[in-house]
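# What the coordinates show
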Amino acid sequence: RHPSFSATLLGLLRSQTIIKRFDELLKQLNEQREFYQVVISVLVLSVLNYPTSIDKLIDIWGDIIQSPKFKKDPVISQIIEFERGEVILRSSTLARYLLKLVVDGKIVVDTLIHMRRVSEEKIKSSDYFKTLAKNLVRFHNLYNLLPENNKKNSVLHYYESIKNLPSSKEHPLFWLQYGVACLVLKEFDRTEKYLSTAYSYARLTPNFDVMQIDNHYARFLLEKSIENPNDANYMTSFRK
């Protein structure tokens, strides 16, 4: 596949006719909130390049997945298909497009929170969910999953909702990712606070390499100075 194919397809998908079509489809599905969230989770897993199966969806959502009504829903069948226990999305580019431009952002965040909490419950018993839990914390992934509208509030709400989970609360890499998110959003006070928290927990973790935290803290100092060029302490920040 030519590397520009996905970008070209995404451009075509942005046409008002197609946006309207999918918007109408998903509005029908939104009347069945549970079905809607299941479809969103399939879109999320597709964008993250995760293999999705009926069994994994049952782990996340329970027995609703086995309902004939769910599998035969006319809206769902236009987006995903079920084949020999696997869940197949018709296009990963379509998934990215739907998440960014069509799907209700609040429900995307609620779905991600649910997926992260389920992953937390299964971290010790499943490598699949252990890895998924890590990927659902990485800001780069989150940025690619959340809709364009109101992204800042969505990001902050998501991290606030999962910060007290056992694998987040005292883990330096969680606070690093939260700090990176705030840095990109130019929430500099919060960035400094969360990177400092990452350092604090890193010091309590034997043999923890703080290189990543150092890199982002340096970036924070530079970007904060760029945003505040009249700050008399900018050279102090640069030297630090």
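A short tour of the structure in this document, coming up. (Residues numbered from 1 in each chain as written. Predicted model: local features only at pLDDT ≥ 70, side-chain atom pairs only at ≥ 80, totals over all residues. Heavy atoms only, no water.)

What the protein chain contains, in helices and strands, is 15 helices and two strands. Scored against the burial criterion, the 240 residues of the protein chain give a buried share of 46%. Counted over contacts in the protein chain with a minimum sequence separation of 6, partners at least 24 positions apart contribute 64%. For the protein chain, the exposed surface amounts to about 13,200 Å²; the carbon and sulfur share of it is 49%. (Helix = DSSP H or I, 4+ residues; strand = E, 2+ residues; numbered from the N terminus. Buried < 20%, exposed > 50% of the residue type's maximum accessible area, 1.4 Å probe, protein only. Contact = heavy atoms within 4.5 Å. Areas by Shrake-Rupley, 256 points an atom, 1.4 Å probe, with all protein chains shown as cover.)

With that settled, consider the nonpolar core. Counting 71 residues, the largest nonpolar core has Val44, Leu112, Tyr158 and Tyr159 as the members making the most contacts within it. Sorting elements by how many residues they give to this core places helix α3 (residues 33–47) first, with 10 residues. Non-local contacts of valine 44, meaning those with residues more than four positions away in its chain, are made with Leu99, Leu112, Met115, Leu136 and Leu145. (Core = buried A, V, L, I, M, F, W, Y, C linked by side-chain atoms within 4.5 Å.)

What describes a pair of aromatic rings is the distance from one ring centre to the other and the angle between the planes of the rings. Taken as a whole and judged by the stated rule, the model has 15 aromatic pairs. Ring geometry for phenylalanine 174 and tyrosine 178: centres 6.1 Å apart, planes at 65 degrees, overall edge-to-face. Highlighted residues: phenylalanine 174 and tyrosine 178, both in helix α12 (residues 172–184), separated by four residues, approximately one helical turn. The pair phenylalanine 174 / tyrosine 178 is uniform in exposure class, with both members buried. Taking the centre distance of 6.4 Å and the plane angle of 45 degrees together, the rings of phenylalanine 188 and phenylalanine 220 count as tilted. Within this pair, whereas phenylalanine 188 is found in helix α13 (residues 188–203), its partner phenylalanine 220 is found in helix α14 (residues 211–227), the two being separated by 32 residues in sequence. The same class applies to phenylalanine 188 as to phenylalanine 220, namely buried. The rings of Tyr158, Tyr159, Phe174, Trp175, Tyr178 and Tyr194 are connected pair by pair, giving a single aromatic cluster. Taking NZ or CZ as reference, lysine 56 lies 4.8 Å from the ring centre of tyrosine 128, over its face. The ring of tyrosine 143 carries lysine 151 above its face, with NZ or CZ at 3.8 Å from the centroid. (Phe/Tyr/Trp six-rings, centres within 6.5 Å; stacked < 30°, edge-to-face > 60°. Lys NZ or Arg CZ within 6 Å of the ring centre and 35° of its normal.)

For serine 53, the location among the structural elements is in the loop between α3 and α4 (54–61). Side-chain polar atoms of serine 53 contact the backbone nitrogen of lysine 56, separated by 3.2 Å. (Polar contact = N/O pair within 3.5 Å; in protein donor to acceptor, adjacent residues only side chain to side chain.)

By themselves, these observations are geometric and do not establish any function.
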